[in-house]
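# Architecture and fold: a report
Here is how the chains run, residue by residue.
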Amino acid sequence: MKTDLPIEIRRFKQIREEHNFTQSEFAEVLSIKNSTSDIERGKTKLSGHVVMMLLKVFEVNPLWLYGESFQKRLDVHHI
C-alpha cells in the first residue's frame, strides 16, 4: 500500500480488506457508483456520504478514519 496517500485513504482500504470485499463489492455496500479504486488511488476524496456509510454500516469512527482518534469503532446502535 502506498504510504504517501492520506491516512483516511489508507484506513478506508484497510476497512475494505478487513471485510474481504473487492473494490466493486465495497462500492455497492457503500452506495458508490462503479468501484472504490479512484478513492483508493487518491484521485477522489472521501465524500460525507461515504464517511456516513462507513459509520452506519461498519461503525467506523470518522475521527479514527482521519487519524484524530485511536478508537476505531463507535457503537451507533445505541445513539
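Being a predicted model, the structure only gives us computed values, none of them experimental.

Before going further, it helps to examine the overall build of the protein. Tallying secondary structure elements over the protein gives five helices and zero strands in all. Reading the protein from its N end, one meets helices and strands in the order α-α-α-α-α. For 79 residues, the compact-globule formula gives about 12 Å, and the C-alpha radius of gyration of the protein, at 12 Å, lands near that figure. C-alpha atoms of the protein, sized along the principal axes, occupy 35 × 25 × 20 Å. The buried share of the protein, reckoned over its 79 residues, is 34%. Considering only intrachain contacts with a sequence separation of at least 6, the fraction spanning at least 24 residues in the protein is 43%. When the 12 positive and 11 negative side-chain charges of the protein are each reduced to one mean point, those points stand 5 Å apart.

With that settled, the discussion passes to the side chain of Thr 36. Structurally, the position occupied by Thr 36 is in the loop between α2 (23-29) and α3 (37-40). The exposure class assigned to Thr 36 is buried, which follows from its relative accessible area of 0%.

Another aspect to go through is the nonpolar core. Grouped together as the largest cluster of nonpolar side chains are 18 residues, with contacts concentrated most on Phe 12, Leu 30, Leu 46 and Leu 54. Listing elements by their share of this core, those giving two or more residues are α1 (7-18), α2, α4 (48-58) and α5 (62-65). No other element matches the five residues that α4 contributes to this core. When neighbours within four sequence positions are excluded, Leu 54 is seen to be in contact with Phe 12, Ile 15, Phe 26, Leu 30, Glu 59, Val 60 and Leu 65.

What follows covers α4. Residues of α4 that are buried include every one of Val 50, Val 51, Met 53, Leu 54 and Phe 58, and no others. Down the axis of α4, the smallest arc covering the buried residues is 160°, so these residues share one side. The outward face of α4, more than 90 degrees from its buried face, is lined by the exposed residues Gly 48 and Lys 56. Looking at the buried positions of α4, the neighbouring elements they touch are α1, α2 and α5. Just beyond α4, the residue with positive phi is Glu 59, at close to 60°.

About the thresholds
Residues numbered from 1 in each chain as written. Predicted model: local features only at pLDDT ≥ 70, side-chain atom pairs only at ≥ 80, totals over all residues. Heavy atoms only, no water. Helix = DSSP H or I, 4+ residues; strand = E, 2+ residues; numbered from the N terminus. Rg over C-alpha atoms; globule rule 2.2 N^0.38 Å. Buried < 20%, exposed > 50% of the residue type's maximum accessible area, 1.4 Å probe, protein only. Contact = heavy atoms within 4.5 Å. Lys, Arg positive; Asp, Glu negative; His and termini not counted. Charge placed at Lys NZ, Arg CZ, Asp CG, Glu CD. Core = buried A, V, L, I, M, F, W, Y, C linked by side-chain atoms within 4.5 Å. Arc of directions from axis to C-beta.

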